[in-house]
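Coordinate inspection notes
These are the residues of each chain, in order.
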2 protein chains.
Amino acid sequence: MAPGMDRNSVIAAAERLGTSVRRTPTLRCEALEPRAGVELWLKAESLQHIGAFKARGALHAVGRLSEDERRRGIITYSSGNHAQAVALAARAYGVSADIAMPVDAPRIKVEAVRALGARIVFAGTTSPERHQAALAIQEHTGGVIIEPFDHPDIIAGQGTATLELLEDVARAGASLDALLVPVGGGGLIAGACLACAGTGTRVYSVEPVGCDAMAQSLARGERVSVTPGPTIADGLKPNMIGALNFAIARAHVAGSFTVDDEQIGRAVVALAMRAKLVVEPSGAAALAAVLAGNLPGKPRRVGVLLSGGNVAPERLAELLVRHGADEVSGA
Amino acid sequence: MAPGMDRNSVIAAAERLGTSVRRTPTLRCEALEPRAGVELWLKAESLQHIGAFKARGALHAVGRLSEDERRRGIITYSSGNHAQAVALAARAYGVSADIAMPVDAPRIKVEAVRALGARIVFAGTTSPERHQAALAIQEHTGGVIIEPFDHPDIIAGQGTATLELLEDVARAGASLDALLVPVGGGGLIAGACLACAGTGTRVYSVEPVGCDAMAQSLARGERVSVTPGPTIADGLKPNMIGALNFAIARAHVAGSFTVDDEQIGRAVVALAMRAKLVVEPSGAAALAAVLAGNLPGKPRRVGVLLSGGNVAPERLAELLVRHGADEVSGA
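To start, this report covers the structure provided alongside it. (Residues numbered from 1 in each chain as written. Chains lettered and ligands numbered in written order. Predicted model: local features only at pLDDT ≥ 70, side-chain atom pairs only at ≥ 80, totals over all residues. Heavy atoms only, no water.)

So, the overall build of chain A
Inclusion rule: Secondary structure counts use DSSP, requiring at least four H or I residues in a row for a helix and at least two E residues in a row for a strand, with both numbered from the N terminus. For every residue, the accessible area obtained with a 1.4 Å probe (protein chains only) is divided by the maximum for its type, and the residue is called buried under 20%, exposed over 50%, and partly exposed between those limits. Throughout, a contact is declared for two residues whenever any of their heavy atoms are within 4.5 Å. In this description, accessible areas are obtained by the Shrake-Rupley approach with a 1.4 Å probe, and a residue is regarded as covered only by the protein chains that are shown. We score Asp and Glu as negative and Lys and Arg as positive, and we do not count His or the chain ends. Note on charges: their place is set at NZ of Lys, CZ of Arg, CG of Asp or CD of Glu.
Looking only at helices and strands, one finds 14 helices and 10 strands in chain A. Overall, chain A is about 55 × 45 × 40 Å in size when its C-alpha atoms are taken along their principal axes. Per-residue burial for chain A yields a buried fraction of 61% across its 331 residues. Sequence separation of at least 24 residues holds for 71% of the intrachain contacts in chain A that already meet a minimum separation of 6. Accessible area for chain A stands at about 12200 Å²; split by element, carbon and sulfur atoms hold 48% of it. Here chain A holds 33 positive side-chain charges and 33 negative ones, and the gap between their average locations is 3 Å.

Re the interface of chain B and chain A
As a reminder, the rule being used: Simply put, the buried area is the total loss of 1.4 Å probe accessible area from both parts when two parts are fitted together. Definition used for salt bridges: Asp or Glu carboxyl oxygen within 4 Å of a side-chain nitrogen of Lys or Arg. Here a polar contact is taken to be a pair of N or O atoms separated by no more than 3.5 Å, where protein atoms must pair a possible hydrogen donor with a possible acceptor and residues adjacent in sequence count only if both atoms sit in side chains. Here the term charged refers only to Asp, Glu, Lys and Arg, the term nonpolar to Ala, Val, Leu, Ile, Met, Phe, Trp, Tyr, Cys and Pro, and the term polar to all other amino acids, Gly among them.
Chain B puts 29 residues into the contact, and the matching count from chain A is 29 residues. Taken over both partners, the interface formed by chain B and chain A buries close to 2300 Å², and the fraction arising from carbon and sulfur atoms is 71%. The partner of B:R22 in a salt bridge is A:E30, and the shortest N-O contact between them spans 3.3 Å. Taken together, chain B and chain A are joined by 10 residue pairs in polar contact (both at pLDDT 80 or more). Breaking the side of chain B that touches chain A down by element, the ones donating at least two residues are strand 1 (26-28), helix 6 (107-115), helix 12 (261-275) and helix 14 (313-329) of chain B. When residues in the side of chain B that touches chain A are grouped by element, the largest group, 8 residues, is from helix 14 of chain B. In terms of residue class, the side of chain B that touches chain A is built from 17 nonpolar, 7 polar and 5 charged.

Some points on the packing of aromatic side chains
Residues and elements named next belong to chain A. Convention followed: Ring pairs shown here join Phe, Tyr and Trp side chains whose ring centres sit within 6.5 Å, with only the six-membered ring taken for Trp; geometry is labelled stacked below 30 degrees between planes, edge-to-face above 60, and tilted in between.
Tallied over the full model, the rule gives 2 aromatic pairs over all chains. Here Y204 and F257 contribute two aromatic rings whose centre-to-centre distance is 5.6 Å and whose plane-to-plane angle is 50°, an arrangement assigned as tilted. With Y204 in strand 8 (residues 202-208) and F257 in strand 9 (residues 253-259), this residue pair connects regions lying 53 residues apart in the sequence. In this structure, Y204 and F257 share a single accessibility class: buried.

A look at the relation of the copies chain B and chain A
Rule in force here: Copies overlap after least-squares fitting; the atoms used are the C-alpha atoms of residues with pLDDT of at least 70 in both.
Between chain B and chain A, which share one sequence, the superposing operator has a rotation angle of 180° and an axial displacement of 0.0 Å; the RMSD is 0.0 Å. Each copy turns onto its partner about a two-fold axis. Taking C-alpha positions as reference, the residue of chain B nearest the rotation axis is B:A317, located at 2.1 Å. Taken as a fraction of all interface residues of chain B, those also at the interface in chain A reach 100%, which identifies the copy contact as same-surface.

Regarding the pairing of strand 8 of chain A
Residues and elements named next belong to chain A. For clarity, the cut-off: What makes two strands pair is DSSP finding at least two bridges between them. When the strands point away from the viewer and the connection leading from the first strand across the helix to the second strand turns clockwise, the crossover is called right-handed.
Among the 7 residues in strand 8, 6 count as buried, and that is most of the element. Relative to strand 8, strand 7 (residues 178-182) runs parallel, the two sharing 5 bridges. Of the residues in strand 8, the one forming a bridge with L179 is V203. Taking the sense of rotation as the criterion, the β-α-β connection linking strand 7, helix 9 (residues 187-196) and strand 8 turns out right-handed. Judged from the 6 bridges that link them, strand 8 and strand 9 form a sheet pairing that is parallel. Residue pairing for strand 9: Y204 is matched across the bridge by G255.

Quick look at the pairing of strand 2 (residues 39-44) of chain B
Residues and elements named next belong to chain B. Most of strand 2 is tucked away: 6 of the 6 residues are buried. Alternating residues of strand 2 divide into E39, W41 and K43 and L40, L42 and A44, and every residue in both groups is buried. Strand direction decides the pairing type here: strand 1 and strand 2, joined by 3 bridges, are antiparallel. Bridged to R28 within strand 2 is W41. Summarising the sheet, strand 2 and strand 10 (residues 301-306) pair through 6 bridges and their orientation is parallel. Looking across to strand 10, one finds that E39 is bridged to R301.

Here's the deal with helix 5 (residues 81-93) of chain A
Residue and element names in this part refer to chain A. Put simply, the test is: Here the expected span of a helix is defined as 1.5 Å times the quantity of residues minus one.
A rise of 1.5 Å per residue sets the reference length of helix 5, with its 13 residues, at 18 Å; its end C-alpha atoms lie 19 Å apart and thus fit the reference within 8%. Most of helix 5 sits out of view: 10 of its 13 residues are buried. Within helix 5, the full set of buried residues consists of N81, H82, A83, Q84, A85, V86, A87, L88, A89 and A90. Buried residues along helix 5 sit in contact with helix 3 (54-63), strand 3 (74-77), strand 4 (97-101), helix 6 (107-115) and helix 8 (152-171). Downstream of helix 5 by a residue or two, G94 has a phi angle that is positive, lying close to 65°.

Some points on the state of the cysteines
Residue and element names in this part refer to chain B. In plain terms, the rule: A pair of sulfur atoms, both from cysteines and within 2.5 Å, is called a disulfide here.
Taken as a whole, this structure holds 0 disulfides over all chains when the rule is applied. The cysteine C196 is free of any disulfide, with C193 supplying the nearest cysteine sulfur at 7.3 Å. Classification of C196 as buried rests on a relative accessible area of 1%.

Description of the pattern of salt bridges
All names here are of chain B. This model, assessed by the stated rule, comprises 43 salt bridges over all chains. Taking the shortest distance from any N to any O, the salt bridge between R64 and D153 comes out at 3.3 Å. Remark: D153 occurs in helix 8 (residues 152-171) and R64 occurs in the loop between helix 3 (54-63) and helix 4 (67-71); sequence separation between them is 89 residues. Its salt-bridge partner being R72, residue D68 comes within 3.1 Å of it at the nearest N-O pair.

Some remarks on the packing of helix 9 of chain A against helix 11 (residues 243-252) of chain A
When two helices pack together, you describe them by how their axes are tilted relative to each other and by the distance separating the axes. Residue and element names in this part refer to chain A. Applied cut-off: What counts as an axis is a line fitted to C-alpha atoms, over the stretch in contact for a helix, and the angles between N-to-C directions run from 0 to 180 degrees. In this scheme, roughly parallel covers angles under 35 degrees and roughly antiparallel covers those over 145, while 65 to 115 is roughly perpendicular and the rest are oblique. In this scheme, a crossing is called left-handed if the near helix is turned counterclockwise away from the far one by less than a right angle; it is called right-handed if the turn is clockwise.
Between helix 9 and helix 11, the least distance of the axes is 9 Å, while the angle of their chain directions is 45°. As far as their axial angle goes, helix 11 and helix 9 are oblique. Crossing handedness for the pair helix 9 and helix 11: left-handed. The segment helix 9 lies against helix 11, with G187, A190, C193, L194 and C196 engaging N245, I248, A249 and H252. The residue makeup of the contact of helix 9 with helix 11, split by class, is 6 nonpolar, 3 polar and no charged.

A few points about the environment of B:A123
Residues and elements named next belong to chain B. Within the fold, A123 resides in the loop between strand 5 (119-122) and helix 7 (127-141). Take A123: its relative accessible area is 11%, and that puts it in the buried class. Considered as a pair, A123 and C29 are 94 residues apart in the sequence and their alpha carbons are 42 Å apart.

What about the side chain of A:E39?
All names here are of chain A. In this structure, E39 sits in strand 2 (residues 39-44). Since its relative accessible area comes to 16%, E39 is described here as buried. Within the structure, the side chain of E39 is placed 2.9 Å from the side chain of R301, a separation counted as a polar contact. Residues in contact with E39, not counting those within four places in the same chain, are R28, E33, R300, R301 and V302.

Description of the nonpolar core
What counts, and what does not: Definition used in this section: a nonpolar core is a set of buried Ala, Val, Leu, Ile, Met, Phe, Trp, Tyr and Cys residues joined via side-chain atoms within 4.5 Å.
Counting residues in hydrophobic clusters, the biggest one holds 92 residues, and the most contacted among them are A:L180, A:L277, B:L180 and B:L277. Ignoring sequence-local partners within four residues, the contact set of B:L277 consists of A:L47, A:K276, A:L277, A:V278, B:L27, B:A44, B:L47, B:L271, B:A272 and B:L306.

Encoded structure:
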């Protein structure tokens, strides 16, 4: 376990966050259980503020800043849900925010960040270009950069989603044998590892085929840089797992899975038709791994983190057309 | 108010139902509030067992039967969610169920009823044909017909959805000024009226244009028979409001709205993209009325019953394609 971080870090984060994050519902999904062969406990972070778990880490991290730091404003770089999360946190704390986004960011994401009152700086199309832009702003304003995943406050904040899930399952008189978590930079799974420490719940990572930085790093015993291949799971395309995230995951993750776009697309449609939830491809990846079967250790009760619901309407429509008939007929 | 039915009927139903129904989440939808001009409190009955509030009434009604009645089995007639609800209740109580469905029932609904273990009798395409088939089965088996809406136990059961919504809003330190409810036969709204009695929350009915049996009946002061016009809200096409349902509604409903298919379709897409919920057209009708504006009495906090989520994938895809771009651009 990383120095200074443990289950209590997540419990403390939950206390600090209080009602600023939504306690999203934990939903048993009986309709998919015959197919999954296990009890399915879904944590619907798609219903979190800004439609993704990222609100937890950002609100926690910004809440931990000093008055002096807040006065200088906050900065981040993101093509996705973290941008909205930081904009939300800035608004919540009355702090100014500058966010570096790619020039080809989808209009829906740009509008959402703007609607929350953050300033946007457009910078190239790659993550390094956005990072450079953030550093340039920092040089000018002296503001604090809110990292997307590689930071103790972000990790502890994301861990609160798993803490709630475990609490809800315990309240129903049960406990999870396994928890499957989609992995981008590793913020959600590092938090999940901390939350599950000592509980007996095994944590598994799920990544798209060709984007398996965590699986490769775990196999190698050190962080591996990957060039992410194409996938519809646009939130799960890191070049590298965060350093702190990997240190925590290495000590705790029980195994890793990869899923392809076909499996992810089918999981999106299964969630829409059976669980009645709109979940983005990145958010459905962990369910895709469960539905593929072959979970080790014959778990009876399985938790699944549905990490977000921000999918473009045309993408959701396309997947419904492609997989809807099979889903309905049970093929 | 109808003789013998009041708020306590709903409270008693909630106690009897206990955990056999799911306490569905109440979700504030900040993302749609600027457009709605009010605080929006969504009750997501789309996340109820079988994907609709109908599970409440059916489980309550079957739970109230005597041992002798249960031994003879139960019967119902439905083209929609009530069929699944009765099949679920029959399984829960270990009772046999015969369900008359139309010969042109969608395959997904037929499979869902069958998967729950009920027997299906196909009977014509109209409601009177299905009702006749149910009566014929009853003559043979002596079983009890579980009415779809016009029965005290069904109404009290459906009312528990509103009771939970009011409790959740109160727990957040607030109270609803208005509640909008989609109306088919009137089970959900009659239960809502009972649950809201004496609370100060005004109840409004919402129906598709051309299917406004409630609005016409309220205007006339007596039940009016309508020939429902075409609408994508296939659960809101009654010929006539139930007698008990109308007696309760007449004493309590503060006003009525109609919405067209364009408005309903936009509401389905708004819910998918902003609230991340899959809601069927019938279930989105009440939100459509809120988004149309013009709610009387300048309510500040408005509750919306999202009655169900059972939509065919091709219908949802079609609506996303038609209205998705406008939803994303805010047009």
